[in-house]
Amino acid sequence: MKIEINDLRFTYPTGLEALQGISLTIEAGEQVAIVGQNGAGKTTLVRHFNGLLQPSSGSVLIGEWDTKKHSVAKLASRVGYVFQNPDEQLFSKDVGTEIRFGPRNLGYSKEKIDELVTRALSLTELSDKTDTNPYDLSPTWRKMAALASVIAMDTPIVIFDEPTTGQDAVNVARIANVIAELRKEGKTVITITHDIDFCAENFDRVIALSNGKILLDGSARDVLGQEEILAQTYVDPPQLTRLGKRLGLKETVRNQDEFLKALK
Amino acid sequence: MHERLSFHIKRDSVLHRLNPLTKLTLVLALIMVAFTSPWYWTPHLLFLFVIIPLSFIGKVFREFFFAATRLILPAAGFLFLMQAFFQPIGEHVIFKFYFLDITQESLMFAFKNAMRVIVMVSSFTLFLLTTHPSELMSDLTRRGLPGQFAYVIISTLQILPQIQSKSQTIISAQRSRGLDTEGNFFKRAGSLVPLVGPLVFGSLVEVEERAIAIEARGFTSKSIKTSLYEIADTSFEKIIRWGLIIIIILSIVLNIWL
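Residues numbered from 1 in each chain as written. Chains lettered and ligands numbered in written order. Predicted model: local features only at pLDDT ≥ 70, side-chain atom pairs only at ≥ 80, totals over all residues. Heavy atoms only, no water.

## As for the overall build of chain B
Stated precisely, the cut-off is as follows: Secondary structure counts use DSSP, requiring at least four H or I residues in a row for a helix and at least two E residues in a row for a strand, with both numbered from the N terminus. Only the C-alpha atoms count toward the radius of gyration. The rule for a globule is 2.2 Å times the residue count to the power 0.38. Using a 1.4 Å probe on the protein chains alone, a residue whose accessible area is under 20% of its type maximum counts as buried, one over 50% counts as exposed, and one in between counts as partly exposed. In this description, contact between two residues means that some pair of their heavy atoms is separated by no more than 4.5 Å. Charge assignment: positive for Lys and Arg, negative for Asp and Glu; neither His nor the chain ends contribute. Note on charges: their place is set at NZ of Lys, CZ of Arg, CG of Asp or CD of Glu.
When its secondary structure is counted, chain B shows 10 helices and 2 strands. Radius of gyration (C-alpha) of chain B: 24 Å, far over the 18 Å computed for a compact globule of 258 residues. Taken over the C-alpha atoms alone, chain B extends approximately 65 × 60 × 30 Å along its principal axes. Considering chain B as a whole, with its 258 residues, one finds that 36% of them fall into the buried category. Within chain B, contacts between residues at least 6 apart in sequence are counted, and of these 71% link residues at least 24 apart. Each charge sign in chain B was given a centre, from 24 positive and 17 negative side chains, and these centres are 2 Å apart.

This is the structure in structure tokens:
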């Protein structure tokens with residue numbers, strides 16, 4: 001499902017101009033990472049995608065739906081949003097019930113819900129923890145439960161707000177795997193992240209925001225190659241990319257494979 | 001963003017600069033005099049010629065007026081009506097409605113009592129408008145108020161705005177999962193569970209973390225603590241306070257004696 005953003009501006013009641021004219025198109029099935037310093041407007045931007053925030057001016061279209069004309073509950077059938085802190089959404093007495101909550105709200109049939117829940121559980125490797133109380137899980141697994149509860153909604157667009165913050169390497173790999181699976185299913189994935197390695201390894205397109213404006217928007221390779229411009233929003237390209245630059249490699253490299261290939 | 005829980009308005013005025021204890025003593029003195037003075041017009045005059053001018057001196061008249069009309073007047077008005085109707089005193093009946101009757105005496109009595117309440121609440125409002133809660137608490141702790149007591153007050157004032165913003169986030173998160181927070185009463189009541197659960201649990205965790213954090217900085221240590229903030233207290237203010245205390249004692253004594 002296509003996302004079209006047209007000259008989006010947003011001002012908080014405090015007078016802070018968080019978004020200052022953003023125009024952007026995200027095609028169906030794209031994997032997009034949004035990077036930028038704290039306060040650049042990343043969260044403010046993605047909260048417009050499911051109507052949690054309404055534009056002060058400009059418009060946001062999800063498919064043919066204008067977010068101004070549809071409720072958040074309605075938009076939830078098109079845009080899934082995993083919040084940063086799982087503790088701010090988990091409430092059920094066991095993981096299974098928690099994950100059913102979203103799809104049930106969307107009014108799917110019982111069979112479809114069962115199927116979606118099973119799939120989400122296996123994707124997030126939670127299948128053996130279905131009956132556990134979410135609060136008995138470790139923070140990393142709570143994060144996965146939150147992920148699963150949104151994935152089970154089977155929305156064409158999924159947003160992750162800093163999914164890898166505070167996660168160990170094993171769990172980061174699990175999250176990367178979830179994103180890869182969603183890509184296979186043709187879903188759009190939009191991720192806010194400060195984890196630039198994670199960004200380089202898993203996303204085709206990178207958008208860098210700075211002070212409510214788009215600083216860079218393009219393929220991960222192009223964007224991560226622009227070290228000086230990224231520095232304006234306090235983003236460092238991955239170490240390998242920078243090393244490749246220093247070594248004078250012709251191509252911008254993003255990960256180990258590309259780095260080794262370029263060396264040969 | 002959510003710093004609006006305390007009434008405090010940050011401005012520079014004589015009233016703001018006064019030591020919190022002096023202001024607190026003044027409030028107590030005003031209340032004591034208003035309630036114990038044998039002269040009928042005392043509370044009225046105190047309000048007109050002490051409290052209102054003080055709100056100008058404190059540069060908070062606008063906010064004070066706002067609080068007075070929105071908060072204090074309705075409450076005092078209600079009290080006035082109740083007492084006017086239900087005080088069974090006096091013979092000069094002005095108005096009669098079934099078993100309810102208003103007499104000249106009950107009207108006077110109600111007016112005075114409502115005015116007393118106005119003096120009490122408005123002087124406290126003025127105090128809160130011109131005193132930052134943490135300034136008050138650190139001053140009182142320095143004078144021997146137990147730290148735990150100050151902590152309860154201050155942490156409540158700090159936690160509430162946090163809970164407010166936390167509940168906003170939770171509502172957003174659940175709406176993103178398709179929770180419909182609109183609709184009829186039963187639907188709304190049902191949608192409370194996913195909101196209250198994370199809020200209560202999260203708040204409990206937060207309270208515990210706070211307790212651990214302050215304990216890690218020696219909260220219950222018995223040694224004498226220094227304060228980062230110097231709160232001014234002049235000898236002139238001490239004299240004023242003693243004067244006010246004498247007034248308070250006098251008004252109590254007079255009240256018992258007369």
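## Re the interface of chain B and chain A
Selection rule: What gets called buried area is simply the loss in accessible area from a 1.4 Å probe that two parts show on being joined, summed for both. Salt bridge criterion: a side-chain nitrogen from Lys or Arg within 4 Å of a carboxyl oxygen from Asp or Glu. Polar contacts, as counted here, are pairs of nitrogen or oxygen atoms within 3.5 Å of one another; within protein the pair requires one atom able to donate a hydrogen and one able to accept it, and residues that are adjacent in sequence qualify only if both atoms are side-chain atoms. Three classes are used: nonpolar for Ala, Val, Leu, Ile, Met, Phe, Trp, Tyr, Cys and Pro, charged for Asp, Glu, Lys and Arg, and polar for all others, with Gly counted as polar.
Taken together, the contacts link 17 residues of chain B with 23 residues of chain A. The contact between chain B and chain A buries some 1,800 Å² in all, and 65% of this surface belongs to carbon and sulfur atoms. Considering only the side of chain B, the residues that lose the most area to chain A are R175, S176 and R177 of chain B, jointly responsible for 39% of the buried surface there. The interface formed by chain B and chain A includes 1 salt bridge. Close ionic contact of E98 of chain A with R177 of chain B constitutes a salt bridge, the shortest N to O distance being 2.9 Å. The interface formed by chain B and chain A includes 5 residue pairs in polar contact (both at pLDDT 80 or more). Classifying every residue of the side of chain B that touches chain A gives 8 nonpolar, 5 polar and 4 charged.

## Let's talk about the domain arrangement of chain B
Our working rule: Bear in mind that the domain bounds are from an automatic or database domain assignment.
Domain parsing of chain B yields domain 1 (14-131 + 231-257) and domain 2 (147-216). Measuring from the centre of the C-alpha atoms in domain 1 of chain B to the corresponding centre in domain 2 of chain B gives 37 Å.

## Describing the environment of K264 of chain A
Residues and elements named next belong to chain A. Here K264 shows up in the segment after α11 (256-263). Among the residues examined, K264 registers a relative accessible area of 85% and is labelled exposed. Residues K264 and A152, 112 residues apart in the sequence, show an inter-C-alpha distance of 44 Å.

## Brief notes about the confidence of the model for chain A
Our working definition: The score called pLDDT rates the predictor's confidence residue by residue, from a low of 0 to a high of 100.
Confidence in the prediction of chain A, expressed as mean pLDDT, is 92, and 100% of residues score 70 or more. Element-level pLDDT for chain A is lowest in α11 of chain A, with a mean of 88, against a maximum mean of 96 in strand β8 (residues 188-192) of chain A.

## A closer look at the sheet that holds β8 of chain A
Residues and elements named next belong to chain A. How we decide: Pairing between two strands is assigned when DSSP locates at least 2 bridges connecting them. Only the stretch in contact is used when a helix axis is fitted, and all axes are lines through C-alpha atoms; the angle between N-to-C directions ranges over 0 to 180 degrees.
Taken in spatial order, the 6 strands make up an open sheet running β6-β7-β8-β3-β9-β10, and their pairing is mixed. The open sheet has two edge strands, β6 (79-82) and β10 (213-219), and neither has a second partner. In this sheet, adjacent strand axes meet at a mean angle of 15° when their direction is disregarded.

## Some thoughts on the packing of helix α3 (residues 95-105) of chain A against helix α5 (residues 139-151) of chain A
Residue and element names in this part refer to chain A. The test is simple: Put simply, angles under 35 degrees are roughly parallel, angles over 145 are roughly antiparallel, angles from 65 to 115 are roughly perpendicular, and the rest are oblique. Put simply, a crossing is left-handed when the front helix is turned counterclockwise from the back one by less than a right angle, and right-handed when it is turned clockwise.
As a packed pair, α3 and α5 sit with axes 7 Å apart at the nearest point and diverge in direction by 25°. As judged from the angle between their axes, α3 and α5 are roughly parallel. Like other packed secondary-structure pairs, α3 and α5 cross with a definite hand, here right-handed. On α5, the residues that touch E98, I99 and P103 of α3 are A145, A148 and S149. Looking at side-chain class alone, the contact of α3 with α5 contains 4 nonpolar, 1 polar and 1 charged residues.

## Here we look at the pairing of strand β4 (residues 57-62) of chain A
Residues and elements named next belong to chain A. Bridge count between strand β1 (residues 3-11) and β4: 5 bridges; the pairing is antiparallel. Pairing of E4 across the sheet is with L61, part of β4. As judged from the 2 bridges shared by β4 and strand β5 (residues 65-66), these two strands associate in the antiparallel manner. Residue pairing in the sheet places I62 in a bridge with W65 of β5. What sits between β4 and β5 in their antiparallel hairpin is a turn of 2 residues, with G63 showing a positive phi close to 65°.

## Topic: the sheet that holds strand β2 (residues 17-26) of chain A
Spatially, 4 strands are ordered β2-β1-β4-β5 (chain A) in an open sheet, and the strand pairing comes out antiparallel. Because the sheet does not close on itself, it has two edges, and the strands there are β2 and β5 of chain A.

## Observations regarding the pairing of β2 of chain A
Residue and element names in this part refer to chain A. Here 7 bridges tie β1 to β2, and the two strands are oriented antiparallel to one another. From the neighbouring strand, E4 faces β2, where its bridge partner is T25. In textbook terms, the turn of a hairpin is the stretch between consecutive antiparallel strands, and for β1 and β2 this stretch comprises 5 residues, one of which, G15, has a positive phi near 100°.

## Observations concerning the packing of aromatic side chains
Using the following cut-off: Ring pairs are drawn from Phe, Tyr and Trp, using the six-membered ring of Trp, whenever the two centres fall within 6.5 Å, and their geometry is named by plane angle: stacked under 30 degrees, edge-to-face over 60, tilted for the rest. Distance and angle both matter: a charge sits over a ring if NZ of Lys or CZ of Arg is within 6 Å of the ring centre and within 35 degrees of the ring normal.
With the rule as written, the count across this model stands at 11 aromatic pairs over all chains. Each residue in the set F56, F61 and F65 of chain B is aromatic and connected to the rest through ring pairs, giving one cluster. One cation-aromatic arrangement involves K112 of chain A over Y108 of chain A; the distance from NZ or CZ to the ring centre is 4.2 Å. The lysine or arginine in question, K129 of chain A, covers the ring of W141 of chain A, its NZ or CZ lying 4.0 Å from the ring centre.

## What about α3 of chain A?
Side chains three or four residues apart in an α-helix point the same way, a direct result of the helix having 3.6 residues per turn. Along α3 of chain A, the positions that sit buried rather than exposed are V95, G96, E98, I99, F101, G102 and P103 of chain A. Next to the buried residues of α3 of chain A lie α4 (110-123) and α5 of chain A together with α7 (147-176) and α9 (193-216) of chain B. Two to three positions downstream of the cap, the backbone nitrogen of G96 of chain A sits 3.2 Å from a side-chain oxygen, assigning the N-cap of α3 of chain A to D94 of chain A.

## What to know about the nonpolar core
Residues and elements named next belong to chain A. Cut-off, in case you're wondering: Definition used in this section: a nonpolar core is a set of buried Ala, Val, Leu, Ile, Met, Phe, Trp, Tyr and Cys residues joined via side-chain atoms within 4.5 Å.
I99, L126 and F160 are the most contacted members of the largest nonpolar core, which has 45 residues in total. For this core, the element with the highest residue contribution is α5, accounting for 8 residues. Among residues more than four places away in sequence, those in contact with F160 are V82, L147, I179, L182, V189, I190, T191 and I192.

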